[in-house]
Amino acid sequence: MSTNDGQSFEKGSSGVVVSAEEQRLRRSYVRKADLHLLPPAFAMYFYAVVDRNNIGNAKVAGMDVELGLHGNQFNWIASAFFFTYIFFEIPSNIMLKRVGARIWLPFIAICWSILVGLMAAAKSYGSLVAVRVLMGVFQAGYVPGFIYLTSFWYTKRQQAPRISLFFSAGVFAGIWSGPLAGRLQEIKGSLSGYQYIFIIEASITIALAVVMAIVLQNYPETATFLTEDERAAALRMLANDKALSYNTNYRPRQVFRALSDWTVWGYAIIFWAAVTGGATQAIFGPTLIRAMGYTSTRAQVLSAAPSACGFASQILSMFLPRLYPRFSVWIMIFSAAACAFYAVIATVENIHVRFTFLCLSNFALSPNMPLVSVWMSNNVMGVTKKGVASACTVMLGGIAGLIGSHIYRSKDFPQYRFGHIFVCACNALIFVIALALNLYFRYENRHRDAQNVDFDASALSKEEVEDMCDNRPDHRYTW
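Bear in mind the structure is a predicted one, so any value in this text is a computation, not a measurement.

### Overview of helix 12 (residues 262-290)
Right, on to step 1. Across its 29 residues, helix 12 extends 41 Å between first and last C-alpha, which sits within 8% of the 42 Å expected from 1.5 Å per residue.
Right, on to step 2. Maximum bend of helix 12: about 65 degrees, positioned at Phe 284, with proline Pro 286 one to four residues after it.

### Description of the side chain of Lys 385
Right, on to step 1. Looking at the element boundaries, Lys 385 is found in helix 19 (residues 383-404).
Right, on to step 2. A distance of 2.9 Å separates the side chain of Lys 385 from the side chain of Asp 261, its partner in a polar contact.

### Comments concerning the pattern of salt bridges
Right, on to step 1. Applying the stated criterion across every chain yields a total of eleven salt bridges.
Right, on to step 2. Between Arg 24 and Glu 21 there is a salt bridge whose closest N-O contact spans 2.7 Å. Here Arg 24 pairs with Glu 21, and both are found in helix 1 (residues 20-60), just three residues apart, close to one helical turn.
Right, on to step 3. On the basis of relative accessible area, Glu 21 is assigned to the partly exposed category, the value being 42%.
Right, on to step 4. Across the salt bridge formed by Glu 228 and Arg 231, the nearest N and O atoms sit 3.2 Å from each other.

### Observations concerning helix 20 (residues 417-451)
Right, on to step 1. With 35 residues, helix 20 should reach 51 Å at 1.5 Å per residue; the first-to-last C-alpha distance of 52 Å fits that figure.
Right, on to step 2. One or two positions beyond helix 20, positive phi appears at Asn 452, with a value near 50 degrees.

### Examining the state of the cysteines
Right, on to step 1. Applying the stated rule across the entire model yields zero disulfides.
Right, on to step 2. Free cysteine: Cys 309, not disulfide-bonded; nearest cysteine sulfur from Cys 359 at 4.5 Å.
Right, on to step 3. Its relative accessible area of 25% is what places Cys 309 among the partly exposed residues.
Right, on to step 4. Looking at Cys 359, the relative accessible area reads 10%, which means it is buried.

### What to know about the packing of helix 7 (residues 142-153) against helix 19
The description of two helices packed together rests on the angle between their axes and the distance between the axes.
Right, on to step 1. Contact geometry for helix 7 and helix 19: axes closest at 8 Å, N-to-C directions at 150 degrees. With respect to their mutual orientation, helix 7 and helix 19 come out roughly antiparallel. Once helix 7 is placed against helix 19, the crossing between them reads as right-handed. Of the residues in helix 19, those touching helix 7 at Val 143, Pro 144, Ile 147, Tyr 148, Ser 151 and Phe 152 are Val 383, Lys 386, Gly 387, Ser 390, Ala 391 and Val 394.
Right, on to step 2. Residues of the contact of helix 7 with helix 19, tallied by class, amount to eight nonpolar, three polar and one charged.

### A few points about the confidence of the model for the protein chain
Right, on to step 1. The predicted model of the protein chain averages 85 in pLDDT, with 91% of residues at 70 or higher.
Right, on to step 2. Between residues 1-14, whose pLDDT stays under 50, and residues either more than four places distant or in other chains, the model counts 29 contacts.

### Observations regarding the environment of Arg 24
Right, on to step 1. Accessibility expressed as a relative area gives 42% for Arg 24, which makes it partly exposed.
Right, on to step 2. Arg 24 sits 278 residues away from Leu 302 along the chain, and the two C-alpha atoms are 46 Å apart.

### So, the environment of Leu 238
Right, on to step 1. Mapped onto the secondary structure, Leu 238 falls in helix 10 (residues 228-240).
Right, on to step 2. Sequence separation between Leu 238 and Leu 67 is 171 residues; the distance between their C-alpha atoms is 54 Å.

What counts, and where the lines are drawn
Residues numbered from 1 in each chain as written. Predicted model: local features only at pLDDT ≥ 70, side-chain atom pairs only at ≥ 80, totals over all residues. Heavy atoms only, no water. Helix = DSSP H or I, 4+ residues; strand = E, 2+ residues; numbered from the N terminus. Expected span 1.5 Å × (residues − 1). Bend = angle between axes of the 7 residues up to and from the residue. Polar contact = N/O pair within 3.5 Å; in protein donor to acceptor, adjacent residues only side chain to side chain. Salt bridge = Lys/Arg side-chain N within 4 Å of Asp/Glu carboxyl O. Buried < 20%, exposed > 50% of the residue type's maximum accessible area, 1.4 Å probe, protein only. Disulfide = S-S within 2.5 Å. Axes fitted to C-alpha atoms, helices over the stretch in contact; angles between N-to-C directions. Parallel < 35°, antiparallel > 145°, perpendicular 65-115°, else oblique. Left-handed = near helix turned anticlockwise from the far one by under 90°. Contact = heavy atoms within 4.5 Å. Nonpolar A, V, L, I, M, F, W, Y, C, P; charged D, E, K, R; others polar. pLDDT = per-residue confidence, 0-100.

Below you can see the structure in the form of structure tokens.
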């Protein structure tokens, strides 16, 4: 539409009418933000997952035989990573807010990649456990850190496809990690094949961390790649959407509010259950496929197929909330499908059917991690509460990795029924919790609509408004 003075206006994504020039500035801002945030974040998460899970590729490449591992020792090596991973996510997000993502995220990436390289020098079960424990300290902060960071840069609607794209890097890593490890283990030199896997993949991560430190910026308020007009338009857009602001101080009382909010733990349990399936596929995928009768190199290559299915569904999840913006419904659909697929894998013996449903199950498993992360980020308000909620969500994902490392037991070879049934039950749990959150949020929205409170934020101090978090009378939950 246009006014008498010839200036044209359009309706923005938040429903606020803005000028065409404002829309142009917003589009320019989002394009530049995407260019500086998404490529380094995607690439780094790709290699974070490669570095975390290459222990499984190393096993298939002969590490367990060369180091004399026996019984459940490999399972404990895999799970050692998660003992520290689950405790350092909240402290890491606090550090990110204090020192900035541009310093913190590359720093922790360099630290964990050095430790990956050191695994090539490990000569015993104990040394591998020690290195994996330290890796968990530094990797703990990357995923919750990125989710938290996007809350400063994007509106809620803009966050959804970007977080989905970010998580797809983890599944994309599963496509390439097997074939890449298969190539690296065949290098002829003075080292064993599995040692080349650790050294070369760690070196790539260090190089990416250097690039991230150069390209990444902390906040739109301080970004050097924006013009002043783009910055002003972006801050108006983010303020209208109640996005987080970089100059909001850490609020200790919001930590308690996050930890005592049952819905935060609802998101976290969904994430835990979703990661249980995803993490076990990532670590044990080659092992499960090798148990079907394939050679180690062939199993490494074939492990790309389930990961490719998961990557496709995570890309699909970028668009599903735009098609139908009800996160709980999509989560229930995918969890029900995954539950059914794992039930088939656990009960049939034909290896071709099992492999097919292993691919289908990964397709159903993968979208729920980004969907619940975006759902949580959309509903939780308050800078500190959102940071803690993000860390809690991923923290339980770490617990999933800890538990998941032990559900595919060597004594269950070759069908591994116990592990498949466990993941099936996890997806049933996802369905139940998503349904409970759906019903609660719809009830709470109706209750706030019925109260019809005329909320005047200007009558309160900035700190008082901030500490209301998602209890603000004008806040409505996405269900």
